[in-house]
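As a plain string of letters, each chain reads:
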Amino acid sequence: MTKLPFLLSISAVLLCSSFAGNTAPTKKTTMSATEIVAAKKLYQDNCQSCHGVDRLGAMGPALLPENLARFRKNKAIKVINTGRAATQMPAFNKTLTESEIASLANYIYTPSKASLKWTASDISASKVQHFDQSKLPNEAQFDADLMNLFIVVELGDHSASLLNGDTFERLDRFKTRFALHGGPKYSPDGRFVFFASRDGWISKYDIYNRKTVSEVRAAINTRNIAISSNGKYLIVGNYLPNNVVILNTSDLSPLKVIDAKDSDGNSSRVSAVYNAPPRHSFIVALKDVKEVWEIPYSDAGGVEVYKGWAHDYRVEAKAEGWQADLSKEDEQFPVRRIKTDDYLNDFFFDPDYINLIGTARNSHNGQVINLDTKKKIASIGLTGMPHLGSGITWNYQDKEVFASPNIKEGKITVIDMENWNIIKEIKTEGPGFFMRSHSKSRYAWTDVFFGPNNDKVHVIDKSTLKIVKTLSPSPGKNAAHVEFTKDGKFVLLSVWDMEGELIVYDAETLDIVKRMPMKKPSGKYNVYNKINYERGTSH
Ligand code: DHE
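Residues numbered from 1 in each chain as written. Predicted model: local features only at pLDDT ≥ 70, side-chain atom pairs only at ≥ 80, totals over all residues. Heavy atoms only, no water.

Naming follows an unreviewed UniProt entry, where the protein appears as Hydroxylamine reductase of Colwellia psychrerythraea.

**Quick word on the nonpolar core**
Among the nonpolar cores identified, the biggest contains 26 residues, and Ile151, Leu162, Tyr186, Phe195 and Ile207 are the most heavily contacted of them. Among the elements that take part in this core, strand β2 (residues 149-154) stands out by supplying 3 residues, more than any other. In this structure, Tyr186 is in contact with Leu149, Phe150, Ile151, Phe192, Val193, Ile207, Ile227, Tyr525, Asn526, Val527, Lys530 and Ile531, ignoring residues within four places of it in sequence. Leu63, Met89, Ile101 and Ile108 belong to the second largest nonpolar core, which has 21 residues in total. (Core = buried A, V, L, I, M, F, W, Y, C linked by side-chain atoms within 4.5 Å. Buried < 20%, exposed > 50% of the residue type's maximum accessible area, 1.4 Å probe, protein only. Helix = DSSP H or I, 4+ residues; strand = E, 2+ residues; numbered from the N terminus. Contact = heavy atoms within 4.5 Å.)

**Regarding the coordination of the iron atom of the ligand**
Of the protein atoms, His181 (NE2) alone serves as a donor to the iron atom of the ligand, at 2.2 Å. Note on placement: His181 falls in the loop between β4 (170-175) and β5 (185-186). (Donors = N, O, S within 2.8 Å, 3.2 Å for Na, K, Ca; no water.)

**Remarks on the packing of aromatic side chains**
Working definition: an aromatic ring pair is given by the centre-to-centre distance plus the angle between the planes. This structure, assessed with the given rule, holds 20 aromatic pairs. Pairwise contacts between aromatic rings join Phe433, Phe434, Phe449, Phe450 and Trp496 into one cluster. Directly above the aromatic system of Trp201 lies the positively charged group of Arg177, at a separation of 3.7 Å from the ring centroid. Cation over ring: Arg269 sits above Tyr239, and NZ or CZ is 5.4 Å from the ring centre. (Phe/Tyr/Trp six-rings, centres within 6.5 Å; stacked < 30°, edge-to-face > 60°. Lys NZ or Arg CZ within 6 Å of the ring centre and 35° of its normal.)

**Observations regarding the state of the cysteines**
Counted under the stated rule, the structure contains 0 disulfides. In this structure Cys47 is not part of a disulfide, and its nearest cysteine sulfur, from Cys50, lies 9.0 Å away. For Cys47, a relative accessible area of 0% corresponds to the buried category. (Disulfide = S-S within 2.5 Å.)

**A word on the pattern of salt bridges**
The tally for this structure, following the rule as stated, stands at 26 salt bridges. Put simply, Glu154 and Arg170 hold a salt bridge, and the shortest N to O gap is 3.2 Å. Placement of Glu154 in strand β2 and of Arg170 in strand β4 is noted, with a sequence separation of 16 residues between them. The class of Arg170 is partly exposed, set by a relative accessible area of 33%. Taking the shortest distance from any N to any O, the salt bridge between Arg173 and Asp157 comes out at 3.0 Å. Within this pair, whereas Arg173 is found in strand β4, its partner Asp157 is found in the loop between β2 and β3 (159-164), the two being separated by 16 residues in sequence. Assessed through its relative accessible area of 35%, Arg173 is described here as partly exposed. (Salt bridge = Lys/Arg side-chain N within 4 Å of Asp/Glu carboxyl O.)

**A few points about the site of the ligand**
As a matter of local geometry, the ligand sits amid 24 residues, with His181, Arg198, Arg436, His481 and Ser538 nearest to it. Within the side chain of Arg198, one N or O atom sits 2.7 Å away from an oxygen atom of the ligand. Note that an oxygen atom of the ligand is positioned 2.9 Å from one of the side-chain N or O atoms of Asn224. Those elements that provide at least two residues to the shell around the ligand are β9 (221-227) and β33 (521-526). In terms of residue count, β9 provides more of the shell around the ligand than any other element does, 3 residues in total. (Near = heavy atom within 4 Å. Polar contact = N/O pair within 3.5 Å; in protein donor to acceptor, adjacent residues only side chain to side chain.)

**Quick look at helix α4 (residues 98-108)**
Since the α-helix advances by 3.6 residues per turn, residues separated by three or four positions end up pointing in the same direction. Within α4, 8 of the 11 residues are buried, which leaves it mostly tucked inside the rest of the structure. Residues of α4 that are buried: Ile101, Ala102, Ser103, Leu104, Ala105, Asn106, Tyr107 and Ile108. Elements that come into contact with the buried residues of α4 comprise α1 (33-46) and α3 (73-82).

**Overview of the pairing of strand β31 (residues 500-506)**
Walk down a regular strand and you will see the side chains alternate between the two sheet faces. Burial analysis of β31 places 6 of its 7 residues in the buried class, the great majority of the element. With 6 bridges connecting them, strand β30 (residues 490-495) and β31 associate as antiparallel partners. The partner of Phe490 across the bridge, within β31, is Asp506. Hairpin connection of β30 to β31: 4 residues between the antiparallel strands. As paired elements, β31 and strand β32 (residues 512-518) share 6 bridges and run antiparallel to each other. Bridging across to β32, Ile503 finds its partner in Arg515. (Pairing = 2+ DSSP bridges.)

**Describing the packing of α1 against α4**
The interhelical angle for the contact between α1 and α4, taken along N-to-C directions, is 100°, at an axis separation of 9 Å. Classified by the interaxial angle, the pair formed by α1 and α4 is roughly perpendicular. Only Glu100, Ser103, Leu104 and Tyr107 of α4 make contact with α1, whose side of the interface consists of Ile36, Ala39, Lys40, Leu42 and Tyr43. Partitioned by chemical class, the residues of the contact of α1 with α4 number 6 nonpolar, 1 polar and 2 charged. (Axes fitted to C-alpha atoms, helices over the stretch in contact; angles between N-to-C directions. Parallel < 35°, antiparallel > 145°, perpendicular 65-115°, else oblique. Nonpolar A, V, L, I, M, F, W, Y, C, P; charged D, E, K, R; others polar.)

**Structural notes on the confidence of the model for the protein**
Summary statistics for the protein give a mean pLDDT of 88 and a share of 89% for residues scoring 70 or more. Across residues 1-27, confidence stays below pLDDT 50; counting only partners more than four residues off in sequence or on other chains, it has 102 contacts. Low pLDDT, under 50, characterises residues 300-306; the stretch is placed with 13 contacts to residues that sit more than four places away or in other chains. (pLDDT = per-residue confidence, 0-100.)

**What about the sheet that holds strand β24 (residues 422-427)?**
Ordered by their spatial adjacency, 4 strands build an open sheet running β21-β22-β23-β24, and the pairing between neighbours is antiparallel. A single partner strand is all that each edge strand has here, and the edge strands are β21 (392-396) and β24. Here the average twist between neighbouring strands, direction ignored, is 25°. Summarising the sheet, strand β22 (residues 399-405) and strand β23 (residues 411-416) pair through 5 bridges and their orientation is antiparallel. Each bridged residue has a counterpart across the sheet, and for Ala403 the counterpart in β23 is Val414.

**Examining the sheet that holds strand β6 (residues 192-196)**
Sheet strands associate in pairs through backbone hydrogen bonding, adopting either a parallel or an antiparallel arrangement. Spatial ordering of the open sheet is given by β1-β8-β7-β6-β5, a layout of 5 strands whose pairing is antiparallel. Strands with a single pairing partner mark the edges of an open sheet, and in this sheet they are β1 (128-129) and β5. Here β1 pairs with strand β8 (residues 211-217) via 2 bridges, running antiparallel. Counterpart to Gln129 in the pairing with β8 is Ser214.

**Section: the environment of Asn230**
Along the chain, Asn230 falls in the loop between β9 and β10 (233-240). Residue Asn230 is classed as partly exposed on the basis of its relative accessible area of 29%. Through-space distance from the C-alpha of Asn230 to that of Pro188 is 7.0 Å; in sequence the pair is 42 residues apart. For Asn230, the side chain forms a polar contact with the side chain of Ser228, separated by 2.6 Å. Among the polar contacts listed, one links the side chain of Asn230 to the backbone nitrogen of Lys232, at a separation of 2.9 Å.

Structure (structure tokens):
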């Protein structure tokens, strides 16, 4: 039997439109002890490497009845058979029999004996202090422009590299936790970078000293992290338990654990968390309930800290009766609930963070929600399943436009942010995942992540909305995810392969200036672009 990784991403809704595999779903809901033993062995052989010991999640999500509430068993059977687009979940219909697949599907809906609890005490107890921060120098121990550094995540051997963005030399290469996901987040001064792994570990790396200083396990299965604009708080969004955890960035101690439940008490996985700088708040995407959360943060201590807030939470809190004495430490991080018409789990924000564009992975509509009024102000027909988290904005013919790749169709959707109309769909050679630009570059770059052309990358002229060049830096190998240098003059691209590369392009001539071997490099993150929320990059 092949030991393909079983990355069953039930986190989003099933994407397979046709189904040609083993079709007979089992009606059985309970399994005998013998059947469980056999199914567990199947799970260990085929699924565990991605979905974790005891089905608690690792590279793939946890596979437990608690997390599968919105996912019907016959859909799970389809996914096991045919795999799942936009994830690394392969098809098993060639390697497993119909009854083995049915048995696996039954197994993942069987309650686990493992503990699914992970409390604030567990978080604190998990802490690993590698170095005493107070004993480390406060100046960088190497010579480089500290604003033009890059972190490059190498998924292939669970490492990351620190690169000099002027010389493209490696300043450090260090081990990370298993399967990092989402963007690492920099402290506002660019000294520290925080990583989240899918199995819940949060690591704090001191760039100046090139050391991982401390780590905690914030959850069993995590989605991503966001850092507050004052650099004090890190929020962790989790699938298991269903919660968000707010950590103190200085020592990674848990400040607050908030169960993700809607106002009726229904529990939800947390799809993602974001920082909204002008609002001084975190925004939380919830997967299983029709709510978006906003969690204002402040420095404890006096009303002065509220000056400049785009939205006066205190007035609303008083009117609506939600907790809001944000100056008191123990009342910090109240939840402001925004009810939505649909489940929204992938977000993009306008540059002022007043409007949120959200999509549910199973719907063909994007919704624009005004965060101040809590009202939906527009619907956008988005059929290709946009990957909004990778969207970027720029000025096109005197208007602000937003563009996003789509993970189901080969096109880039460009939207006018004044009236929320689609201005153009730019046809690409296949569905894409990531998109990038820089305010000083005339080009936007996007990958073809899925399908036979996944070795291609398109360069789009932002003033004409036309593809001006299609690159294929390493034919046959997936090329994906770019990031610009601080000045926008160079572009770093990943060849997403175990024998992969990081390729540096001149952003104007589109010529290759350097190739560096790397182990399945995925995302790369420039300090300056990230801490300044450069419009061409993800936030
Ligand atoms: Fe990601 C970012 C969700 C699968 C690599 N991905 C994000 C973000 C979200 C998200 C919400 C924004 C987080 C942030 O900025 O901190 N990703 C999802 C999914 O729902 C999806 C489709 C299914 C899943 O399994 O979770 C998914 N993502 C993948 C992959 O299969 C990728 C290609 C490989 C991997 O690492 O698992 C992948 N996602 C990434 C990367 C980023 C990311 C590299 C950061 C992009 C950036 O430039 O900021």
